[in-house]
Amino acid sequence: TISETSADGRYWVGYAKEGYGLEYLYKPLLWIDGVPHELPIPDKNFRDEEIWVGVMARGISANGEIIYGTSWENWDFGMLYWVNNGANTEKPKWVGEDVREVWEETMKNSDGTEYTTHLVNGLICQAQLTKISPNGKWLCAAYAVDTATEGMHDVITSKCPAFFNTETGKTYIFDEYSGSARSATDDGIGFIVNSGGASGYVVDIESGTQLGTTEQWIYDNYGIT
């Protein structure tokens, strides 16, 4: 599957599914001038456990310099990125490394038996192909926070929009909004989509200033309702 291409068409990114039935693994791919190369994957998954489903490459910056993808295990959707060095691209980093936390928690099954699992706070994304600025400086995500319920039977995950600067390694979390960050411009204008996707807001990422609702911003800048 090819997910997205660079503006000049030289680089394509996507993934392949290796195996059949319940025994399969997703592998991220980078095509260079039509020739596919397998991208490296992290040593552990988003929860610092063994990888068992794999990783997909989802998008690439218009200039071809930054690739982003997701780990696709359970409901984790951990977001990661590669710096494109061609066929010799190094292992990816987790988007939002500066705010990512992983810890062990002892949980209980419904029958009261205990088991150990890993909880995580970090940046996630799903299958959207728009979550990167054209120059690759900004990546757009949701900051997901795991919380064990009082009885330790379930884990509740809350989410809010977040942006990550690939040049400085800094994450900007917008916890006053719901939903996720969906896209950004090179100069740091960010677009937030509310939960449900029917509306959203435009923000200046670094200052945290709201520039209006999506509808207002589009009308003010383009005269389109």
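Remember, it's a predicted structure, so these values are computed and weren't measured experimentally. (Residues numbered from 1 in each chain as written. Predicted model: local features only at pLDDT ≥ 70, side-chain atom pairs only at ≥ 80, totals over all residues. Heavy atoms only, no water.)

A. Summary view of the layout of surface pockets. The volume enclosed by the largest pocket comes to roughly 400 Å³. Around the largest pocket sit 23 residues that line it, and Arg47, Asn74, Trp75, Asp76 and Asp146 are the ones nearest its centre. Breaking the lining of the largest pocket down by element, the ones donating at least two residues are strand E10 (114-124), strand E11 (138-148) and strand E12 (155-165). In terms of residue class, the lining of the largest pocket is made up of 11 nonpolar, 6 polar and 6 charged. Considered as a void within the structure, the second largest pocket measures approximately 250 Å³ in volume. Looking at the second largest pocket, it is lined by 15 residues, and the ones nearest its centre are Gln126, Ala142, Lys159, Gly179 and Ser180. For the lining of the second largest pocket, the class distribution of residues is 4 nonpolar, 8 polar and 3 charged. (1 Å grid on protein atoms, 1.4 Å probe; cavity = no way out; pocket = protein on both sides within 12 Å on 5 of 7 lines; lining within 4 Å. Points joined across faces, edges and corners; volume = space filled by probe spheres on them. Helix = DSSP H or I, 4+ residues; strand = E, 2+ residues; numbered from the N terminus. Nonpolar A, V, L, I, M, F, W, Y, C, P; charged D, E, K, R; others polar.)

B. Summary view of the side chain of serine 6. With respect to the helices, strands and loops of the structure, serine 6 is situated in the loop between strand E1 (2-5) and strand E2 (11-20). On the accessibility criterion, serine 6 (2% relative accessible area) is buried. Setting aside anything within four residues of it in sequence, one finds serine 6 in contact with Tyr11, Ile60, Ser61, Ala62 and Gly64. (Buried < 20%, exposed > 50% of the residue type's maximum accessible area, 1.4 Å probe, protein only. Contact = heavy atoms within 4.5 Å.)

C. Main features of the sheet that holds E11. Spatial strand order, E9-E10-E11-E12-E13: 5 strands in an open sheet with antiparallel pairing. Since the sheet does not close on itself, it has two edges, and those belong to strand E9 (101-108) and strand E13 (170-173), each with one partner. Within this sheet the neighbouring strands show an average axis-to-axis angle of 35°, counted without direction. (Pairing = 2+ DSSP bridges. Axes fitted to C-alpha atoms, helices over the stretch in contact; angles between N-to-C directions.)

D. Region of interest: the packing of aromatic side chains. Under the counting rule described, the total for this entry stands at 12 aromatic pairs. On the basis of an interplanar angle of 85° and a centroid distance of 5.8 Å, the ring pair of tyrosine 15 and tyrosine 26 is categorised as edge-to-face. Of this pair, tyrosine 15 sits in strand E2 while tyrosine 26 is found in strand E3 (residues 23-32), placing the two residues 11 residues apart along the sequence. A relative accessible area of 16% means that tyrosine 15 is categorised as buried. What makes tyrosine 26 buried here is its relative accessible area of 15%. Between tyrosine 24 and tyrosine 26, the aromatic rings sit 5.6 Å apart at their centres with planes inclined by 75°, giving edge-to-face as the arrangement. By relative accessible area, tyrosine 24 is classed as partly exposed at 27%. Taking the ring centre of tyrosine 24 as reference, the NZ or CZ of lysine 17 above it sits at 4.2 Å. (Phe/Tyr/Trp six-rings, centres within 6.5 Å; stacked < 30°, edge-to-face > 60°. Lys NZ or Arg CZ within 6 Å of the ring centre and 35° of its normal.)

E. A look at the confidence of the model for the protein chain. Per-residue confidence for the protein chain averages 93 on the pLDDT scale, and 100% of its residues sit at or above 70. No element of the protein chain has a lower mean pLDDT than E9, at 91, and none a higher one than E13, at 98. (pLDDT = per-residue confidence, 0-100.)

F. Representation of the state of the cysteines within the structure. Tallied over the full model, the rule gives 0 disulfides. No disulfide involves cysteine 125; its sulfur sits 9.6 Å from the nearest other cysteine sulfur, which is in cysteine 140. Accessibility expressed as a relative area gives 3% for cysteine 125, which makes it buried. The thiol of cysteine 160 is not disulfide-bonded; the next cysteine sulfur, from cysteine 140, is found 14 Å away. (Disulfide = S-S within 2.5 Å.)

G. Spatial organisation of the environment of tyrosine 177. Checked against the element boundaries, tyrosine 177 lands in the loop between E13 and strand E14 (180-184). Residue classification places tyrosine 177 among the buried positions, given a relative accessible area of 11%. In this structure the C-alpha to C-alpha distance between tyrosine 177 and asparagine 88, which are 89 residues apart in sequence, comes to 39 Å. At 3.0 Å, the side chain of tyrosine 177 forms a polar contact with the side chain of glutamine 210. (Polar contact = N/O pair within 3.5 Å; in protein donor to acceptor, adjacent residues only side chain to side chain.)

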